[in-house]
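Summary of the model geometry
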Amino acid sequence: MNLAEGVQIVSFGILAFMMLASAIGVVLLNNIVYSAFLLGVVFVSISGLYILLNAAFVAAAQILIYVGAVNVLILFGIMLVNKRRDFARIPNAWLNQGVTALVCGGLFALLSSMIIATPWSISTAPIAGDAALVEIGKHFFTDFLLPFELASVLLLMALIGAIVIARREFFPEEGEDLSAESNLTLPERPRELTGGRR
Amino acid sequence: MQLEYFLLLAAALFCIGIYGLVTSRNAIRVLMSLELLLNAVNLNLMAFSNYSDPAQVKGQVFTVFVITIAAAEAAVGLAIVLSIYRNRDTVDMQEFNLLKW
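For every chain, the first residue of the written sequence is number 1, and numbering continues from 1 onward in sequence order. Numbering of ligands from 1 and lettering of chains from A proceed in the order in which they are written. Totals for whole chains, interfaces and linings use all residues, but because this is a predicted model, local features are given only for residues with pLDDT of at least 70 and pairs of side-chain atoms are given and counted only at 80 or more. Neither water nor hydrogens contribute to the side-chain values; these are computed over all heavy atoms in the structure.

Things to note about the overall build of chain B
The condition that has to hold: The helix count covers DSSP runs of H or I at least four residues long, the strand count covers runs of E at least two residues long, and both are numbered beginning at the N terminus. As defined in this context, the radius of gyration uses C-alpha atoms, and a globule is described by 2.2 Å times the residue total to the power 0.38. Residue burial is assigned from relative accessible area. The probe radius is 1.4 Å, only protein chains are included, and a residue is buried under 20% of its type maximum, exposed over 50%, and partly exposed in between. Note on contacts: a residue pair qualifies if any of its non-hydrogen atoms lie within 4.5 Å across the two residues. Only the protein chains shown count as cover for residues, and all accessible areas are computed by the Shrake-Rupley method using a 1.4 Å probe. Charged residues are defined here as Lys and Arg on the positive side and Asp and Glu on the negative side; His and the ends of the chain fall outside this count. Every charge is mapped to an atom, namely NZ of Lys, CZ of Arg, CG of Asp or CD of Glu.
What chain B contains, in helices and strands, is three helices and zero strands. For chain B, the N- to C-terminal ordering of α and β elements is α-α-α. The globule rule puts the C-alpha radius of gyration for 101 residues at 13 Å, and the 17 Å found for chain B is more than 25% above it. Counting only C-alpha atoms, chain B reaches 50 × 25 × 20 Å along its principal axes. Across the 101 residues of chain B, 59% fall into the buried class. When contacts within chain B are restricted to residue pairs at least 6 apart in sequence, those whose partners lie at least 24 apart make up 59%. With the model as given, the accessible surface of chain B reaches about 3,800 Å², and the carbon-plus-sulfur share is 64%. Treating the 6 positive side-chain charges of chain B as one cloud and the 7 negative ones as another, the clouds have centres 8 Å apart.

Below, the structure is given as structure tokens:
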């Protein structure tokens, strides 16, 4: 990055504040639709942090995959599942939340003391910058070739698995005749097409 | 800019994610907290990649892998939530005790 030090510090501060505030919003807000949109803000600010870390390609991938795919998927999930009904109250919920907050605060204190106390070895090699894209490509097709191909197989498995899990399962009765169905269609439980209101 | 700033930020995001993971009652919010956790790990990887290994950027390669896995995880997780919602008619995590006892 060819930015002055002060500009970097200021933009880091703004991005960090945006990210932490919207992450807390994701966790604490009551309306889950607001949480989903704030999750998009978290992803965008993390992508900005990646640009501060000289990684333009991963920043673009972050926006494309997280904001474009995962966040939209979560919004669709909310639309399919959301039912405006409050959950049954459980006794001593505040105790649960208080203990969890205590544990998380302790974990953060532990991690931050470790981060501050450790002498990190900072490399002085020249920063790849925009040539990082070429480096990533070389890594993918030489020393990380096997994980790369395995990732593609995993994506295919997730694709098929998600369809199979989310499908309405249907077990045909004994005497039922399915010969009218083509071999290319999966047997599915019949559903009403309109009026999703219950 | 220092490495420690990014590591502290990632640690804070990770702790927020764990808090949400444990206390949320809506199953979709649990999935969102999982995404926060994965993003905190990614931020760590990218910070180390920039400050400790800037010449051959292996941290960015790992980040791309984690993003891939996260996308697959979100798809399967939402399919499972949809399936549970269809069977139990709720997304309350407190009522998912199929395997508890």
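Quick word on the packing of helix 5 (residues 132-141) of chain A against helix 3 (residues 58-88) of chain B
As a reminder of what qualifies: For helices, the axis comes from a line fit to the C-alpha atoms of the stretch in contact; other axes are also lines fit to C-alpha atoms, and the angle between any two N-to-C directions lies between 0 and 180 degrees. Roughly parallel means an angle under 35 degrees; roughly antiparallel, over 145; roughly perpendicular, 65 to 115; everything else is oblique. Take the far helix as your reference; a near helix turned counterclockwise from it by less than a right angle gives a left-handed crossing, and one turned clockwise gives a right-handed crossing. Ten residues, namely Ala, Val, Leu, Ile, Met, Phe, Trp, Tyr, Cys and Pro, are considered nonpolar, four, namely Asp, Glu, Lys and Arg, are considered charged, and the remaining ones, Gly among them, are considered polar.
The interhelical angle for the contact between helix 5 of chain A and helix 3 of chain B, taken along N-to-C directions, is 65 degrees, at an axis separation of 9 Å. Here helix 5 of chain A is positioned roughly perpendicular relative to helix 3 of chain B, judged by the angle of their axes. As helix 5 of chain A runs across helix 3 of chain B, the sense of the crossing is right-handed. Contacts between helix 5 of chain A and helix 3 of chain B involve Ala-132, Ile-136, His-139 and Phe-140 of chain A on the former and, on the latter, Lys-58, Gln-60, Val-61, Val-64 and Phe-65 of chain B. Considering only residue class, the contact of helix 5 of chain A with helix 3 of chain B consists of six nonpolar, two polar and one charged.

Things to note about the interface of chain B and chain A
So the rule is basically this: As used here, buried area is the combined drop in accessible area, with a 1.4 Å probe, of two parts when they are placed together. Salt bridge criterion: a side-chain nitrogen from Lys or Arg within 4 Å of a carboxyl oxygen from Asp or Glu. Pairs of N or O atoms within 3.5 Å make up the polar contacts considered here, provided that, within protein, one atom can donate a hydrogen while the other can accept it, and that residues adjacent in sequence are counted only when both atoms are side-chain atoms.
Each partner contributes to the interface: chain B provides 69 residues, whereas chain A provides 82 residues. Counting each side, the surface lost to burial between chain B and chain A is near 7,100 Å², with a carbon and sulfur contribution of 78%. Our count for the chain B to chain A interface comes out at zero salt bridges. Across the chain B-chain A interface, the total number found is ten residue pairs in polar contact (both at pLDDT 80 or more). Listing elements by their share of the side of chain B that touches chain A, those giving two or more residues are helix 1 (3-23), helix 2 (27-52) and helix 3 of chain B. Ranked by the residues each element gives to the side of chain B that touches chain A, the list is headed by helix 3 of chain B, at 24 residues. Broken down by class, the residue content of the side of chain B that touches chain A amounts to 47 nonpolar, 14 polar and eight charged.

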